[in-house]
Amino acid sequence: MSYDAHFKVWRGDADGGSLVDYTVTVNEGEVVLDIIHRLQATEAADLAVRWNCKAGKCGSCSAEINGRPRLMCMTRMSLLDPAEPVVVTPMRAFPVVRDLVTDVSFNYAKAREVPSFVPPAGVGPGEYRMQQEDVGRSQEFRKCIECFLCQNTCHVVRDHEENKPVFAGPRFLMRVAELDMHPLDGAAEAGIDRKRGAQEDHGLGYCNITKCCTEVCPEHIKITDNALIPLKERAVDRKYDPLVWLGSKIRRRV
Amino acid sequence: MSRTAREAWDVVVVGAGGAGLRAAIEARERGMRCAVICKSLFGKAHTVMAEGGIAASMGNVNEGDNWQVHFRDTMRGGKFLNHWRMAELHAREAPDRVWELETWGAVFDRTRDGKISQRNFGGHEYPRLAHVGDRTGLELIRTLQQKIVSLQQEDHRETGDYESRLKVFQEYTVTRLLKAGADGDSAAGERIAGVFGYARESGRFFAIEAPSVVLATGGIGKSFKVTSNSWEYTGDGHALALLAGASLINMEFVQFHPTGMVWPPSVKGILVTESVRGDGGVLRNSDGRRFMFDYVPDVFKEKYAESEAEGDRWYQDPDNNRRPPELLPRDEVARAINSEVKAGRGSPHGGVFLDVSTRLPAEDIKRKLPSMHHQFKELADVDITAEPMEVGPTCHYVMGGVDVDPDTAAAVGVPGLFAAGEVAGGMHGSNRLGGNSLSDLLVFGRRAGLYAAEHAASFPGAGRPVVSEADLEAAEAEALRPFGAEGGDPAVSEELAENPYALHQELQQAMNDLVGIIRKGPEMEEALRRLTELRARSRRAGVEGHRQFNPGWHLALDLRNMLLVSECVARAALERTESRGGHTRDDHPAMDRRWRRLNLVCRLNGDSTEPGADPLLGRVRLERREMPPIRDDLLALFDKEELVKYLTDEELTS
Ligand SMILES: Cc1cc2nc3c(=O)[nH]c(=O)nc-3n(C[C@H](O)[C@H](O)[C@H](O)COP(=O)(O)OP(=O)(O)OC[C@H]3O[C@@H](n4cnc5c(N)ncnc54)[C@H](O)[C@@H]3O)c2cc1C
Ligand code: SF4
Ligand code: SF4
Ligand code: FES
């Protein structure tokens, strides 16, 4: 059940590059990453690509396949039309290093700007008590494998380099939401206002809830509905009605 | 004159998985400046793939649990070959290491009373594995990553620079440990002076000078064809340690996880978590029989259910029933699957059936095993809530590793070198229990960081070991060789250049076929012959292109490590004429109590006489070493009847 596929893979570096044509065998059950590996082993030993787990768990192998941001290890060849060429290009929102590898340092820089979890005062290790229903939301967001596909897709930065300094991107706005919804986070007591931070430091206002990030998330995290919109609502509450905010915070704690 | 850029730090940690990050946190918290080096991006190390959980006797689900029970289970799982002191420290300290993660923001699944939930796993007497669905490794690594970020934020507030005291060099590969003599002269090569390697992105070389280096590089599984391990697992740390004069122990013990995917071929080897069985999944052969009942070995007879009914009752009432044999330690289950397939009772693609679909409601399966559900659906078109999976053994973990002091994680024989996590040996004996790796990473990662910091602090300023110019030049030449490989250049050699990918595939095939799950003397001798041949050919492994992010070049350099480590595995496996844990000999099927006291120690053969021998590729020499006797109070935790199965009569009477 093997066939020969026509691949067009972007080869090049920061100085430029182009799509290179390859004809390559595809076997039953294979994914795009298998084909890239076959190219490396046969005709393009120096083809640069990132990968680790080959099972959608590490978020290393992000690229664009026929223009759609995807994990190469989770894209079955059987989903693609064998008659059409398969075009594999690096993520567009980040500077190319070489071939399919991009410079994703933007994301690591943004991660550092989100204030960390603040352990609650007076609760020692081993004393944390949280109900499953109260941690579900944070856990959903913690499924994130940091593939940065959402960061690559969001139109606020995809073609707008100028927004990068002021916008953390969906992944890191979601991180703010995750911490904000953590039942024991002590940020407020420590004088950190996560909602205001989302607005003022991380550019939540730039997000106009188009849900493009949610659509590409390989972990199927409802980034927009469950993280960004609630964060916006809370930020608004916080802005106009501190009492509502305080009440909700207290309710959540009991 | 070398043009390699040098930097100076107090502690260098090679590896950013659970062990490396925990070590780095400790070293930084002890006031040392710490550099972390890793081959992948920060947060992508192998630890991210761990699924089932982290073992710690917190007793949240069954109050009967405590460190002594955990210690006992660990020793039984390792068939008493574990270094007892490591197993003791591990069992005692694991709960604190897990609780500490919560204070750094980890969000584990909860029990009804709001504590950390714990699940059953093979070989663990009580539900003991703290978990987050089946993505526990992701939670662990992300938590440690985020703790590192929080320390960097502290440093930023104080110094204006996030990386002033803790810096991650991501996508850097270390190819050599560097040493120096007491007087700063390298020739004597007494103590660690730093590391050398290349930046993957640019191909540029780097050297970091530091009095303490912690190896936390993980395992060796990429030397086998069917494996759950990623490209990172080329045994780098094992090889670096050997080349620096340290020794490796227990290298014959390689864990084949019983349940890897078998179909389609491109995913063969990818792990199916043991939680599937812990949560109720059962193994069947093509006759529909739960064959594990036929494979309970004598040493475990009293501990496992004799009937399906009893095994099934155990999930609800563990105090009055015994566990089902699907939850035997991994070596037992992997061998059983192998035998069933050999006997012609396998599944269509050469595995056996693992079924949860008839055991749990679909909703429970999706909630408890979300990533397995996803993985099978996306990669194999199998809906595990409706049909069984096909599974078979896959190379998963190496018990063997750097010979370390149990308390300090210091590598024996090389001052300044430490090792923790999968790259360290001893803790798991001949077989690791599921969940005991993640806890091992934290317990010994912390200890390695602590003692590496102490060691570094004993070298204030001047008097630090210095890296010599000559060593840097030698390391550079070694790393550049694939570009001017001997093959293809008629002036140097008649023979053609070798493709590193092809060499790697041949190595994997040889190890899989000849030193795999079931071993035979003559096959291992054949493996050693092939390794010698591959070693010679690997000198000619050549690459095209330039140094910038060039995977062909990277692989050509990794071959040295894989060949060295494979040789250790094959030599030690040939030497140990018994079957125990992750080492099964067809020609010596019984466990032999006399072998229990012996570790096989691998060292580099310094004075190789092979004509044209390449000193850089090295060769391995084996030594037998007696294990220290188990402390009395720890022995007293076991019944005499159990101990006689493992210890010799002299050991029992003395
Ligand atoms: C699929 C899967 C599931 C598992 N599930 C579980 C589980 O549920 N419970 C459990 O306890 N265990 C589990 N294990 C085992 C466990 O995950 C590993 O043993 C453990 O994560 C190893 O951690 P580590 O810190 O030693 O190394 P790793 O996490 O592998 O990290 C190694 C680090 O070293 C770096 N490195 C390696 N070589 C070099 C070099 N030359 N230069 C620079 N850096 C280098 C790598 O880049 C990486 O950062 C599982 C393993 C697999 C494969
Ligand atoms: S929902 Fe917001 S964050 Fe997501 S893609 Fe749209 S604008 Fe970007
Ligand atoms: S939120 Fe989803 S798409 Fe974004 S980085 Fe995480 S896993 Fe990737
Ligand atoms: S390789 Fe890990 S997500 Fe694709």
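Along each chain, the written sequence defines residue order, and numbers are assigned to residues from 1. Here chains are named by letter from A upward and ligands by number from 1 upward, in the order in which they appear as written. Local features in this predicted model are restricted to residues whose pLDDT is 70 or higher, and side-chain atom pairs enter the listing and the counts only when it is 80 or higher, whereas totals over whole chains, interfaces and linings include all residues. With hydrogens and water excluded, all non-hydrogen atoms of the structure serve as input to the side-chain values.

**Student:** If you had to explain the packing of aromatic side chains to someone new, which residues and values would you point to?
**Tutor:** Residues and elements named next belong to chain B. Note on aromatic contacts: the rings of Phe and Tyr and the six-membered ring of Trp form a pair at centre separations within 6.5 Å, being stacked when their planes are under 30 degrees apart, edge-to-face when over 60 apart, and tilted otherwise. Tallied over the full model, the rule gives 18 aromatic pairs over all chains. Aromatic side chains phenylalanine 169 and tyrosine 172 sit 5.4 Å apart centroid to centroid with 80° between the ring planes, which places their arrangement in the edge-to-face category. Here the term buried applies to any residue with accessible area under 20% of the maximum for its type, exposed to any over 50%, and partly exposed to those in between, with areas from a 1.4 Å probe on protein chains only. Look at phenylalanine 169 and you get buried, because its relative accessible area is 5%. A relative accessible area of 24% places tyrosine 172 in the partly exposed class. An angle of 40° between the planes, with centres 5.2 Å apart, marks the rings of phenylalanine 196 and phenylalanine 205 as tilted. Given the relative accessible area of 0%, phenylalanine 196 is considered buried. An aromatic cluster of at least three residues, connected via ring pairs, comprises Trp67, Phe71, Phe80, Phe638 and Tyr646. Sitting over a ring, as applied to charges here, requires NZ of Lys or CZ of Arg to be within 6 Å of the ring centre and within 35 degrees of the ring normal. Residue placement shows arginine 432 over the ring face of tyrosine 397; its charged tip is 4.1 Å from the ring centre.

**Student:** I'd like to hear about the domain arrangement of chain A, residue by residue, with values.
**Tutor:** All names here are of chain A. Domain assignment breaks chain A into domain 1 (3–102) and domain 2 (105–253). Each of domain 1 and domain 2 has a C-alpha centre, and these two points are 32 Å apart. Domain 1 puts 14 residues into the contact, and the matching count from domain 2 is 16 residues. Salt bridge criterion: a side-chain nitrogen from Lys or Arg within 4 Å of a carboxyl oxygen from Asp or Glu. Counting the contacts that link domain 1 with domain 2 gives two salt bridges. Note that arginine 158 is salt-bridged to glutamate 64, the shortest N-O span being 2.9 Å. Definition of a polar contact: a pair of N or O atoms within 3.5 Å, with one able to donate and the other able to accept a hydrogen when the atoms are protein atoms, and with sequence-neighbouring residues admitted only if both atoms are side-chain atoms. Between domain 1 and domain 2 we count seven residue pairs in polar contact (both at pLDDT 80 or more) in total. Put simply, DSSP marks the helices as runs of H or I at least four residues long and the strands as runs of E at least two long, and each gets a number from the N terminus on. Of all elements in the fold, only strand 3 (62–65) and strand 4 (68–71) reach the threshold of two or more residues within the side of domain 1 that touches domain 2. For every domain, the bounds stem from an assignment made automatically or drawn from a database. Any pair of residues with heavy atoms lying within 4.5 Å of one another is described as a contacting pair.

**Student:** Quick rundown of the site of ligand 3? Include the residues and the values.
**Tutor:** Residues in contact with ligand 3, as listed here, are Cys144, Ile145, Glu146, Cys147, Phe148, Cys150, Arg171, Met174, Cys217, Pro218 and Ile223 of chain A. Residues are grouped as follows: Ala, Val, Leu, Ile, Met, Phe, Trp, Tyr, Cys and Pro are nonpolar; Asp, Glu, Lys and Arg are charged; all remaining types, including Gly, are polar. Among the residues making up the shell around ligand 3, the classes are represented as nine nonpolar, no polar and two charged. For this purpose, a residue is taken to be near a molecule or strand whenever a single non-hydrogen atom of the residue falls within 4 Å of it.

**Student:** Quick one: what's the story with the environment of histidine 373 of chain B, residue by residue and with numbers?
**Tutor:** Residues and elements named next belong to chain B. Secondary-structure assignment places histidine 373 in helix 10 (residues 370–380). Relative accessible area serves as the criterion here: at 13%, histidine 373 is assigned to the buried category. Distance in space between the C-alpha atoms of histidine 373 and aspartate 383 is 6.8 Å, their sequence separation being 10 residues. Those residues in contact with histidine 373 that sit more than four places away from it in its chain are Lys366, Asp383, Ile384 and Thr385.

**Student:** Outline the packing of helix 5 (residues 236–243) of chain B against helix 15 (residues 551–575) of chain B, listing residues and values.
**Tutor:** Residues and elements named next belong to chain B. Here, axes are lines fitted to C-alpha atoms. For helices the fit covers the stretch in contact, and angles between N-to-C directions go from 0 to 180 degrees. Their axes nearest at 8 Å, the elements helix 5 and helix 15 cross at an angle of 80°. As far as their axial angle goes, helix 15 and helix 5 are roughly perpendicular. Between helix 5, through Asp236, His238, Ala239, Leu240, Leu242 and Leu243, and helix 15, the contact on the second element is made entirely by Asp558, Arg560, Asn561, Leu564, Val565 and Cys568. Its residues placed into classes, the contact of helix 5 with helix 15 shows seven nonpolar, two polar and three charged. Note on angle classes: values under 35 degrees are labelled roughly parallel, values over 145 roughly antiparallel, values of 65 to 115 roughly perpendicular, and the remainder oblique.

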